Amino acid sequence: MAYSDKVLDHYENPRNVGTLDKNDPHVGTGMVGAPACGDVMKLQIKVNDSGIIEDAKFKTYGCGSAIASSSLVTEWLKGKTLDQAAEIKNSAIAEELALPPVKIHCSVLAEDAIKAAVADLKSKQPA
Amino acid sequence: MTVKTPIYLDYSATTPVDPRVAEKMIPYITEHFGNPASRSHPFGWTAEEAVEEARDEVAKLVNADPREIVWTSGATESNNLAIKGAANFYSGTKGKHIITVQTEHKAVIDAVRDLERQGFTATYLAPEPNGLIDLEKFKAAIQPDTVLASVMFVNNEIGVIQDITAIGNICRENNIIFHVDAAQATGKVEIDLEKLPVDLMSFCAHKTYGPKGIGALYVRRKPRIRIEAQMHGGGHERGMRSGTLATHQIVGMGEAFRLARLEMKAENLKVRRLRDRLLAGLEEIDEVYVNGDMDHRVPHNLNISFNFVEGESLIMAVKDIAVSSGSACTSASLEPSYVLRALGRSDELAHSSIRFSIGRFTTEEDIDYTIALMKSKIGKLRELSPLWEMHLDGIDLSKVEWAAH
């Protein structure tokens, strides 16, 4: 299967691989996918006191496109508010990485991971 | 260390033609181009002589009579000819039930499926978790109308060697025609058809350093086994397989099998040493699982699963070595190997498996490079893997409720 240069770049040099403390009240964690389906993404975001995402980390079990999608969104998330983060669409991810149709689900999973991380963070913060 | 990448470790897919084989073939393309069926001039006689010399060599490797060897285009055709040919010939007298195994090559399984569409019934035996057949289960699958059994000698994915003698004896006792796909066996295990209770056996050249596009079917003479031709025409090969013989291909197969007969003992020792070195190196990685029995196995094959690493990213990571993967990445879906699934491996482990197959031209440097590459790439992918992290945290992944998508 032919991968785009951007997918290969993220696959070879994934950005922001790692783990944040999931018990930190400023950290939101999203874990989506299932091993039997071939992809599991864990995405974590950390917000500062002004509500801006100052750090994002990921770990992904999945194909090159899944790794690239999650690596890319960690770059995009930094500096955004939670509301801006929730607006990231899978189509933008797929377009940026030039994902072929059979790999669109990887970008969908990345969008789901963002939503899950944002929801987790919001649930931790006082209303 | 200087090795030329990609390193070829896919000898079970195909082998290079040995230069000695290629050299012997060339004059039969240009100079001795005659049709071996031409009886009226020396062009034909020369070609026929070469064909018969090659037939002798194929027969010698497996201790058969040359008159028992029928040329085909390869093991797929041999399997089809044997299974459909024998099933159709004997169904009227013996019955319409066929026994085969879930881990057979598709050329066997799909030939049997085709017969099912024509009114035959079939049992696809599940192998044991080590890939071998339980003889008692084989016996239990026999029905009064069982006409044919087909069991491969050496499995293409996991390299396990079935007990052909024992299975053949059971077939003899029950008056069942026994076909064996030996495409992966020639030059790797000793085959003595004078002793083996086998009626039909499929061979091909290109897994044994011969050219692609040529194979043979062994058809036993004593007791005589009959098959219905699947290819009709000029009545070549005693009517069993019509079509002008591909002299140069046949010469190549003959020479490849002659070399295999002379060199297999020494070659297998060398290959085993390399395979054991590879296994020892890879077993230094945590959470690896060998697929298939290690004792009843050709030395050429190592099939191993790397847990907590996804199959497709694994294949991307190891592009410097040419190997086969347990996940057949077809365009739309990721299908795990049906062979590994039949052994009871989970989808995840089936996906993350790699078949390393070693051969005549593999070197120790190739193996050491491969070990170092696998260690580094598996390490990198596990760094990236949330499943590996959970495993290290002591979480039992089978107990996790995943948000399936």
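Within each chain, residues carry numbers counting from 1 in the order of the written sequence. The lettering of chains begins at A and the numbering of ligands begins at 1, in the order of writing. Per-residue local features are limited, in this predicted model, to residues with pLDDT of at least 70; the limit for side-chain atom pairs, both in listing and counting, is 80 or more; totals at the level of whole chains, interfaces and linings are taken over all residues.

> Help me understand the interface of chain A and chain B in this model?
Accessible area lost upon the coming together of the parts is a frequently used measure of interface size. With 24 residues of chain A at the contact, the number on the chain B side is 23 residues. Under the DSSP-based scheme used, a helix requires at least four consecutive residues in state H or I and a strand at least two consecutive residues in state E, with every element numbered from the N terminus. Secondary structure elements with two or more residues in the side of chain A that touches chain B: strand E1 (27-34), strand E2 (39-47), strand E3 (53-61) and helix H2 (64-77) of chain A. Per-element accounting of the side of chain A that touches chain B gives the leading share, 4 residues, to E1 of chain A. In the scheme used here, Gly and all other residues not listed as nonpolar or charged are polar, with Ala, Val, Leu, Ile, Met, Phe, Trp, Tyr, Cys and Pro taken as nonpolar and Asp, Glu, Lys and Arg as charged. Broken down by class, the residue content of the side of chain A that touches chain B amounts to 16 nonpolar, 6 polar and 2 charged. Here, residue contact means that the backbone-derived C-beta atoms of the two residues sit within 7 Å.

> Sorry if this is basic, but what is going on with the sheet that holds E1 of chain A here?
Backbone-to-backbone hydrogen bonds join strands into a sheet, with any given pair of strands oriented parallel or antiparallel. Residue and element names in this part refer to chain A. Here a strand pair is declared whenever DSSP counts at least two bridges between the two strands. Strand order in this open sheet of 3 strands is E1-E2-E3, and the pairing throughout is antiparallel. Sheet topology places E1 and E3 at the edges, where each strand pairs with a single neighbour. In this sheet, adjacent strand axes meet at a mean angle of 10° when their direction is disregarded. The pairing of E1 with E2 spans 8 bridges and is classified as antiparallel. From the neighbouring strand, Gly30 faces E2, where its bridge partner is Leu43. Fitted lines through C-alpha atoms give the axes, limited to the stretch in contact for helices. The angle between two N-to-C directions lies from 0 to 180 degrees. Packing against the sheet, H2 makes contact with E2 and E3, and its axis sits at approximately 175° to E3.

> Where do I start with helix H5 (residues 104-124) of chain A in this structure?
In an α-helix, one turn spans 3.6 residues; hence positions three or four apart end up facing the same way. One fewer than the residue count of a helix, multiplied by 1.5 Å, yields its expected span. With 21 residues, H5 of chain A should cover 30 Å at 1.5 Å per step; its first-to-last C-alpha distance of 31 Å lies within 8% of that length. Looking at the packing, one finds that the buried side of H5 of chain A touches E1, E2, H2, helix H3 (82-86) and helix H4 (90-97) of chain A.

> Even after reading the chapter, I still don't get the UniProt feature "domain: NIF system FeS cluster assembly NifU N-terminal" (unreviewed entry) in chain A, so can you show me in this structure?
Taken from the UniProt record, the annotation "domain: NIF system FeS cluster assembly NifU N-terminal" (unreviewed entry) applies to residues 2-125 of chain A. What you have in residues 2-125 of chain A is 45% helix and 21% strand, and the ends, taken at the C-alpha atoms, are 43 Å apart. UniProt positions are given in the numbering used here, feature names are shortened, and annotations may be inferred rather than shown by experiment.

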